[in-house]
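Structure assessment
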Amino acid sequence: MTRALLVENMPAAPAYELRVDRLGLGDERFEIWALPSPATPHLETARRVGGLRGRNFELVEHRVRRRLAAVGIRPMALNSEAAVQALPEDAALSLGLLFRVLAPMRSRERMRSVAEGVEAMDREEAAYWLGMAMHRPNPRRVLTALRVMLTEPKARR
């Protein structure tokens, strides 16, 4: 089947998927991937948007599972070691941004503030920040700016 024929049969919206890898007992890696679609002609293959595991994932796991349950996805119901499921665009944008911004963080309080800020973002704002983080030459600067904006300043003495 040619690529043109495949593109004709695909929906016109960006396509995303959630990949859950079970690496051990109580150790899961959640990743968001962007898939080729007519809305993303620059993608030839799937592209990783963001992922999280370990301590940082455990701190926001309840938020992630609540967001997934709101769109009808239950990762616990997937029985294989590596599970893949289609994800709506709105959920993919906010979760992808959440995973990217939290991955290098260590402070629990700041992570909580950032997670609450990302949850409070509407679709357009999350899409803007995720696009900036994915398509800029220095995405670390963009993510650092977002972290600074979403964390509360310390009280001055």
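Remember, it's a predicted structure, so these values are computed and weren't measured experimentally. (Residues numbered from 1 in each chain as written. Predicted model: local features only at pLDDT ≥ 70, side-chain atom pairs only at ≥ 80, totals over all residues. Heavy atoms only, no water.)

**So, the overall build of the protein**
Within the protein, the secondary structure is distributed over six helices and four strands. Each helix (α) and strand (β) of the protein, taken in turn from the N terminus, gives the series α-β-β-β-α-β-α-α-α-α. For the protein, the computed accessible surface area is about 9,600 Å², with 54% contributed by carbon and sulfur atoms. (Helix = DSSP H or I, 4+ residues; strand = E, 2+ residues; numbered from the N terminus. Areas by Shrake-Rupley, 256 points an atom, 1.4 Å probe, with all protein chains shown as cover.)

**Some remarks on the nonpolar core**
In terms of nonpolar packing, the biggest core is built from 40 residues, with Ile-32, Val-64, Leu-87 and Leu-102 touching the most fellow members. Ranked by residue count, the leading element in this core is helix α3 (residues 89-102), at nine residues. With residues near it in sequence (within four places) discarded, Val-64 still touches Phe-30, Phe-57, Leu-95, Leu-98 and Phe-99. (Core = buried A, V, L, I, M, F, W, Y, C linked by side-chain atoms within 4.5 Å. Buried < 20%, exposed > 50% of the residue type's maximum accessible area, 1.4 Å probe, protein only. Contact = heavy atoms within 4.5 Å.)

**Digging into the packing of aromatic side chains**
Under the counting rule described, the total for this entry stands at two aromatic pairs. When the centroid spacing of 4.6 Å and the interplanar angle of 25° are considered together, the rings of Phe-30 and Phe-57 count as stacked. One end of the pair, Phe-30, is in strand β2 (residues 27-35); the other, Phe-57, is in helix α2 (residues 54-70), with 27 residues separating them in the sequence. The class of Phe-57 is buried, set by a relative accessible area of 3%. Look at Tyr-128 and Trp-129: their rings are 5.5 Å apart centre to centre, the planes differ by 80°, and that puts the pair in the edge-to-face class. When its relative accessible area of 47% is taken as the criterion, Tyr-128 is described as partly exposed. (Phe/Tyr/Trp six-rings, centres within 6.5 Å; stacked < 30°, edge-to-face > 60°.)

**What to know about the pairing of β2**
Sheet topology places strand β1 (residues 15-24) next to β2; nine bridges connect them, and they run antiparallel. Each residue of the ladder has a partner; that of Glu-17, found in β2, is Trp-33. Counted between consecutive antiparallel strands, the loop separating β1 from β2 contains two residues, among which Gly-26 sits at a positive phi close to 75°. Bridge count for β2 against strand β3 (residues 47-53) is six bridges, and the pairing is antiparallel. (Pairing = 2+ DSSP bridges.)

**Some remarks on the environment of Ala-70**
With respect to the helices and strands, Ala-70 occurs in helix α2. The class of Ala-70 is exposed, set by a relative accessible area of 67%. Along the sequence, Ala-70 and Ala-91 sit 21 residues apart, while their C-alpha atoms lie 9.2 Å from each other.

**What about the packing of α3 against helix α6 (residues 139-150)?**
Contact geometry of α3 with α6 gives a least axis separation of 10 Å together with a crossing angle of 95°. Taken as axis vectors, α3 and α6 run roughly perpendicular relative to one another. Counting all contacts with α3, which are made through Leu-97, Arg-100 and Val-101, the residues of α6 involved are Pro-139, Leu-143, Leu-146 and Arg-147. Residues of the contact of α3 with α6, tallied by class, amount to five nonpolar, no polar and two charged. (Axes fitted to C-alpha atoms, helices over the stretch in contact; angles between N-to-C directions. Parallel < 35°, antiparallel > 145°, perpendicular 65-115°, else oblique. Nonpolar A, V, L, I, M, F, W, Y, C, P; charged D, E, K, R; others polar.)

Note that all results are geometric; they support no functional claim without further evidence.
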